[in-house]
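Each chain is listed here by its residues.
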Amino acid sequence: MNQKTAEHKIANNSSTVASPWQPLSRPLFRSLWIAAIASNMATWMHDVGAAWLMTTLAPSPLMVSMVQASTSLPLFVLALPAGAFADVFDRRRLLLLTQGWMLVAAAGLAMLTAAGVTGPIILLGFTFAIGVGTAFNAPAWQAIVPEVVPREALSSAVALNSAGINLARAIGPAIGGLIVARLGPQAAFGLNALSFIGVIVVLYRWRREKPVNRLPAEHLFGAMVAGLRYARYATGFRNVLGRAFLFVFPASALWGLLPLLARQELNLSASGYGLLLGAVGLGAVSGAYFLPQLRKKIAVDNLTTGATVIYAVVLLAMAMLRHVPSMVIVMLFSGAMWITMLTALNVSAQSVAAGWVRARVLSVYLIVFFGSMAIGSIIWGALANVLTMTPVFLIASAVAFVGTIANRWLPLASTEGIDLS
């Protein structure tokens, strides 16, 4: 597997909220979910190894933030054609292809690192290659969720996927930090390569029934144009995109600069950096656990605005604090607010997209999400080269606060009555 999922307003009305565990009663979803957790755990180990290796090879804020940018940039560039591929071609075969690609890329980086020939450019190149696999994997992976669970369980399925990803995030970085400290980053890269095998096995055994398409067959370019046109005129979806940019752009300062902050200003080892990332994951798991109850009591607009405000305070704390236990607490809050926002935005995007164009519409969402992450990481890293990290986190915090004001013009619409077929 690879990378990050989320959620929205299907659950604002308690009468429409399915049991949070209902999707796990379906064998296919359960198998995919377990395989994805294992793979995402290894992916987080890989991420710890890559970020920490760059702090050794080229310890400047810009180069370290480029690791995150190299992960996100392929999704920004390729998400739209990837979404079109996922709508036009068989999604199961596409997922098998992308998982195999990422397996080969991770294994190649592991072998080169073990041989001692990995430099900054090689590391960024293989990180980008894995990101290419993620770009083609992500729209298809999200688009199959409505195929493997009934509509009333969609919100619970997305929340479970998010919880699984963040459970892996809570465990994977801590283990990854220990592995990198004891065995080197090549061991983390190798374990990541092996983890893709489990997902491939589950996908290979899935006998997917091809959905009946009553619409005329589409060509790839025409499919992309149709997806863009749909995204342009769907007001509710445009609001999701605006919310995504206003949150992810300032939030990317944390993801891009945390490895260097841990190493240079907190004087942590690879295992200590893994502990910080593990705290992010633990906070996300806790946030996912309480989120269904909060959705019943708090309107989605108020919930997401509150989460953005708290994340802005997190960025402010990162500018001011250099005490490791306090920073662990800050990371717990960052994880809880991150999962709150991702869940709201992802299910919003899922819910306002018609089935025939769903993967393409989700790909537009991914373009904005990961484009904001990639561009933000580069900008914050470049600024940190000039200003140091403290003022950069202060600026990012201020930008996040401004985003909460703009949210009033970008309401997340109710999804009741929308045809998802």
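Residues numbered from 1 in each chain as written. Predicted model: local features only at pLDDT ≥ 70, side-chain atom pairs only at ≥ 80, totals over all residues. Heavy atoms only, no water.

### A closer look at a nonpolar patch on the surface
A contiguous nonpolar surface patch, about 450 Å² in accessible area, is contributed by Leu 73, Phe 76, Val 77, Phe 128, Ile 375 and Ile 379. Of all the secondary structure elements, the ones that give two or more residues to the nonpolar patch are helix H2 (61–88) and helix H13 (358–387). Of all the elements, H2 adds the most residues to the nonpolar patch, at 3 residues. Within the element layout of this structure, Ile 375 appears in helix H13. (Patch = residues over 30% accessible without salt bridge, like charges linked within 9 Å, V, L, I, M, F, W, Y side chains within 5 Å. Areas by Shrake-Rupley, 256 points an atom, 1.4 Å probe, with all protein chains shown as cover. Salt bridge = Lys/Arg side-chain N within 4 Å of Asp/Glu carboxyl O. Helix = DSSP H or I, 4+ residues; strand = E, 2+ residues; numbered from the N terminus.)

### Some thoughts on the packing of aromatic side chains
Scanning all chains against the criterion turns up 11 aromatic pairs. Measuring from ring centre to ring centre gives 5.8 Å for Trp 52 and Tyr 273, while their planes differ by 20°; the resulting arrangement is stacked. Of this pair, Trp 52 sits in helix H1 (residues 27–57) while Tyr 273 sits in helix H10 (residues 270–297), and the two are 221 residues apart along the sequence. An identical accessibility class is assigned to Trp 52 and Tyr 273; each is buried. Here the aromatic rings of Tyr 365 and Phe 369 are separated by 5.9 Å at their centres, their planes lie at 50°, and the arrangement is tilted. Placement of the pair is Tyr 365 and Phe 369 together in helix H13, with a separation of 4 residues, close to one helical turn. With a relative accessible area of 2%, Tyr 365 lands in the buried category. (Phe/Tyr/Trp six-rings, centres within 6.5 Å; stacked < 30°, edge-to-face > 60°. Buried < 20%, exposed > 50% of the residue type's maximum accessible area, 1.4 Å probe, protein only.)

### Some remarks on the side chain of Thr 127
With respect to the helices and strands, Thr 127 occurs in helix H4 (residues 120–143). Ignoring any residue separated from it by four or fewer positions in sequence, one finds Thr 127 in contact with Val 67, Ser 70 and Thr 71. (Contact = heavy atoms within 4.5 Å.)

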